[in-house]
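Structural characterization, general
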Amino acid sequence: MPPAHPFDDDKLREECGVFGVIGVTDAANFVALGLHALQHRGQEAGGIVSHHPEEGFNSARRFGYVRDNFTKASLMETLPGPLSIGHVRYSTTGSKGNTAIRDVQPFFGEFSMGGAAIAHNGNITNADSLRRELIERGSIFQSSSDSECIIHLMARSLQRTIPDRMEDALRRVEGAFSVVAMTRTKLIGVRDPLGVRPLVLGRVADGYALSSETCALDIIGAEFVREINPGEMVVITDDGVESRYPFRPTKSRFCIFEHVYFSRPDSILGGRSVYETRHQIGVELAREAPVEADLVCPVPDSGTPAAIGYSHESGIPYAMGIIRNQYMGRTFIEPTEQIRNMGVRLKLNVNRALIEGKRVILVDDSVVRGTTSRKIKEMILDAGAKEVHFRIASPPTAWPCFYGVDTPQREKLLAATMSEEEMRDHLGIDSLKFISLNGLYRAVGEAKGRDPNAPQYCDACFSGEYPVEPRDMIDQGFQMKTAAE
């Protein structure tokens, strides 16, 4: 299993990645490649299920990276057939940081009309109440994952086909879900009515692919067809793609943080290049928060496009003032205490020759707990920087996400307890500025900014305005935003 590093908890972890293919020889090999491209969405574990007309369903679930498990011929030979789905995960529900193999998706269920496997990206906000209800009615759960509720709800449905049972089940589910599922002959994709999490359709050879992001279509040479619409279900067979809309229509609320951080910069979201959006965030940030300085430096790698945009707009030279060690991931499997104390230096190193004597603008994607930002500031000052200014390519993260992102408790979010000025003093830097929420909306193509009466995106982690009430968390004592806030 990939090691946990002392600075990893200072980033919001992407939720999960899903991928599926139908109509190609050895579909599981395509799925493994797709999951490799989606590795940034989940690095704890991964799983693949395939179906062969003669050999039936087969599955493999493993801890760790795709490259270390699903590239071995001995394993991939056990997953034959023209139909396959897969999943990479971080633990957003269940035993966070202590994943059991039974929690690794895809999940499989055997129904009277045949088997089905399901992979889920997102988070079910009423999972606790559903789970209690299902257990009281005799369901036996194998995992701690909220996603398993979908399989049990399908099992209890009286509908005659698996897609119809899935519709039944998902109508009971609240929260965010992009689902890729399979039967013996069908590949199924569904997005929740708000379309919080992404899902796209591609064409590969004589078959089709479903993916969390377009970058995973590229790796298998698939042609991007379109996004699955919010509230849409597609059922794909050898005969083609059937589309249906099982949910009550509502205004979509795609996760705006997908643009800021989660998605790969070479993906396309809503017809927009993620890279270009992040570049434009930097442009907006330079307009909103200018400062006199000698260099604009990104905090690698997610701050890079925004730093380039800030540099272009401000005219201040761009420089790689911090260098990332690309090969550190597998080096320290069990770090000693002495190595742990080195903290961020294991992953990042300052380019001293560039930094010394300079006034430096550091551009990062977010500030969560602030621990990493303080360590990076210390490294920059140790290298002889004259001034350190932070510019953040997202608004202050002041509220937890309940839709599939592993967010700390609210009291551990720096922006939940401090003003911008207090955060600046806490970090010990010369200045700190975040992009405004309206500036972020302009960067993603909303020229008039955010519509306060009907926000175009889900931005709950910034605004505290949750498009779906997090029922389970409220039951556990979570306090929603008040009118005064």
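Residues numbered from 1 in each chain as written. Predicted model: local features only at pLDDT ≥ 70, side-chain atom pairs only at ≥ 80, totals over all residues. Heavy atoms only, no water.

Attention now moves to the sheet that holds strand β10 (residues 207-211). Strand order across the open sheet formed by seven strands is β3-β2-β4-β1-β10-β9-β11, with antiparallel pairing between neighbours. Two strands close off the open sheet at either side, each with one partner strand: β3 (56-63) and β11 (223-227). Put simply, the sheet's adjacent strands are angled 15° from each other on average, direction ignored. Both strand β1 (residues 16-22) and β10 contribute to a ladder of four bridges, which runs antiparallel. Looking at β10, one finds that G20 is bridged to L210. (Pairing = 2+ DSSP bridges. Helix = DSSP H or I, 4+ residues; strand = E, 2+ residues; numbered from the N terminus. Axes fitted to C-alpha atoms, helices over the stretch in contact; angles between N-to-C directions.)

Looking now at the packing of helix α4 (residues 127-136) against helix α5 (residues 148-156). It is at 10 Å that the axes of α4 and α5 come closest, and there the two elements cross at 45°. With respect to each other, α4 and α5 are oriented oblique. In this structure, the crossing between α4 and α5 has a hand that is left-handed. Residue-level contacts link A127, L130, R131 and L134 of α4 to C149, H152, L153 and R156 of α5. Grouping the constituent residues of the contact of α4 with α5 by class yields five nonpolar, one polar and two charged. (Parallel < 35°, antiparallel > 145°, perpendicular 65-115°, else oblique. Left-handed = near helix turned anticlockwise from the far one by under 90°. Contact = heavy atoms within 4.5 Å. Nonpolar A, V, L, I, M, F, W, Y, C, P; charged D, E, K, R; others polar.)

Our next topic: the packing of aromatic side chains. According to the stated counting rule, one finds twelve aromatic pairs in the structure shown. Both rings, one in F402 and one in F478, keep their centres 5.0 Å apart while their planes meet at 80°; by these two values the pair is edge-to-face. On the criterion of sequence distance, the pair formed by F402 in the loop between β21 (387-392) and α14 (414-417) and F478 in the segment after α18 (471-475) is long-range, its members being 76 residues apart. Positioned over the ring face of F141 is R131, at 4.2 Å from the centre of the ring. Cation over ring: R203 sits above Y208, and NZ or CZ is 4.4 Å from the ring centre. (Phe/Tyr/Trp six-rings, centres within 6.5 Å; stacked < 30°, edge-to-face > 60°. Lys NZ or Arg CZ within 6 Å of the ring centre and 35° of its normal.)

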